[in-house]
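Okay, here's what each chain looks like letter by letter:
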Amino acid sequence: MVAEIMTEYPTYYHLLADLHRRKKPRTYVEIGVHEGHSLGLVGADTRVVGIDPEPKITTELPRSVTIVANTSDAYFASPEGAAPFGDDPIDLAFIDGMHHVEFALRDFINIERLSSPDSTILVHDCVPIDEETASRERSTVIWSGDIWKLIPFLRQHRPDLAITVHEVEPTGLAEITNLDPSSTVLADRYDELVDELIAMRFEDRPHAS
Ligand SMILES: C[S@@+](CC[C@H](N)C(=O)[O-])C[C@H]1O[C@@H](n2cnc3c(N)ncnc32)[C@H](O)[C@@H]1O
């Protein structure tokens, strides 16, 4: 599926707020909550799980929010993480945790498994600013890490997904739909695919000049 670049929202917070308003998800999972700024955009009727090993919530959150102080890998391996909302799927998810692409890939695999074909997975940091802020070693305040690799990778290995990249400040956000919870394409070849992902170079990214 061909993706498009959209620029209609100034920042990812504006886009997230609009997605919550339009989609009215029954359930929402956020990986990487930090102070709760993005988590605070959820609707009052949405059941929410926010996962972060070091949550530092400073934002007022609705009572429907559960914070899990753990890594996303440990959460999804736990009995709670196997069914975050009982029999209900994850309607909307936002991946904004550890900024190494293999973590984002595992988050995507774990969330898609628990989603429905009508669900949406959002991935932060897909439009890198420059090589320094997009490297695997953090040396800058704004740091998107190598998450950008996930989008060209998914387009290659999961052409069945519909991916829209929003060029919102500061580092873009991808909206992924047409999910297939039964797909094992990524999980079956995980070790081999991670090697391929990590080997991708900044100068080889799509639209690189
Ligand atoms: C960029 S901040 C999240 C910002 C927040 N989503 C927002 O927009 O307001 C990234 C967060 O990911 C968390 N994190 C790091 N490793 C993680 C992991 N393995 N699983 C889940 N969260 C992780 C960090 O503790 C940090 O709070």
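(A) Local environment of the overall build of the chain. Broken down by element type, the chain carries 7 helices and 8 strands. Whereas a compact globule of 209 residues would reach a radius of gyration of roughly 17 Å, the chain reaches 16 Å, a difference of no more than 12%. Considered along the principal axes of its C-alpha atoms, the chain spans approximately 45 × 35 × 30 Å. Out of the 209 residues in the chain, the part that is buried amounts to 39%. A fraction of 58% describes how many contacts in the chain between residues 6 or more apart in sequence connect residues 24 or more apart.

(B) Just the site of the ligand, in detail. With respect to spatial proximity, 16 residues lie near the ligand, and among them Gly-32, His-34, His-37, Ser-38 and Gly-97 are the closest. Each residue belonging to the shell around the ligand can be placed in one class, and the counts come to 6 nonpolar, 7 polar and 3 charged.

(C) Expanded view of the nonpolar core. In terms of nonpolar packing, the biggest core is built from 49 residues, with Ala-93, Val-123, Cys-126 and Leu-150 touching the most fellow members. Setting aside residues up to four positions removed in sequence, Cys-126 forms contacts with Ile-147, Trp-148, Leu-150, Ile-151, Val-165, Gly-172, Leu-173 and Ala-174.

(D) Local environment of the pairing of strand β6 (residues 115-124). Among the 10 residues of β6, 7 are classified as buried, and the element is accordingly described as predominantly covered. Taken together, strand β5 (residues 90-95), helix α4 (residues 101-113) and β6 form a β-α-β motif whose crossover is right-handed. Where β6 lies against strand β8 (residues 173-177), 4 bridges are found, and the strand directions are antiparallel. Bridging across to β8, His-124 finds its partner in Leu-173.

(E) Geometry of unusual backbone geometry. Cis geometry is adopted by the peptide bond preceding Pro-170, which originates at Glu-169 and carries an omega value of -5°. Of note in this structure, Lys-24 is not a glycine but carries a positive phi near 45°. With respect to the helices and strands, the residue Lys-24 is situated in the loop between α1 (12-23) and β2 (27-31).

(F) Inspection of the environment of Ile-95 at higher detail. Along the polypeptide, Ile-95 turns up in strand β5. Residue class for Ile-95 comes out buried when judged on the 29 C-beta atoms lying within 10 Å of it. In this structure Ile-95 touches Ile-31, Ala-104, Asp-107, Phe-108, Ile-121, Leu-122, Val-123 and His-124, once residues within four positions along its chain are discounted.

(G) Quick peek at the environment of Glu-60. Positionally, Glu-60 belongs in the loop between β3 (47-51) and β4 (65-68). Counting along the chain gives 26 residues from Glu-60 to His-34, while the straight-line C-alpha distance between them is 13 Å.

About the criteria used
- Think of each chain on its own: its residues are numbered from 1, step by step along the sequence as written.
- At least 70 in pLDDT is required for a residue's local features to be given in this predicted model, at least 80 for side-chain atom pairs to be given and counted, and no such filter applies to totals for whole chains, interfaces and linings, which use all residues.
- The numbering of helices and of strands both runs from the N terminus, where a helix is a DSSP run of H or I of at least 4 residues and a strand a run of E of at least 2.
- It is over C-alpha atoms that the radius of gyration is taken, and the globule rule equals 2.2 Å times the number of residues to the power 0.38.
- The burial label depends on the number of other C-beta atoms within 10 Å of a residue's C-beta. Counts of 20 or more mean buried, 12 or fewer mean exposed, and intermediate counts mean partly exposed, with C-beta atoms placed from the backbone.
- The contact rule is simple: place each C-beta atom from the backbone, and if two of them lie within 7 Å, those residues are in contact.
- The criterion for a residue being near a molecule or strand is a backbone-placed C-beta atom within 6 Å of that molecule or strand.
- All residues other than Ala, Val, Leu, Ile, Met, Phe, Trp, Tyr, Cys, Pro, Asp, Glu, Lys and Arg, Gly among them, are scored as polar; the first ten of these are nonpolar and the last four charged.
- Remark: nonpolar core denotes a set of buried Ala, Val, Leu, Ile, Met, Phe, Trp, Tyr and Cys residues whose joining runs through C-beta atoms within 7 Å.
- The handedness rule is simple: strands pointing away from the viewer, and a clockwise path from the first strand over the helix to the second, make the crossover right-handed.
- Here a strand pair is declared whenever DSSP counts at least two bridges between the two strands.

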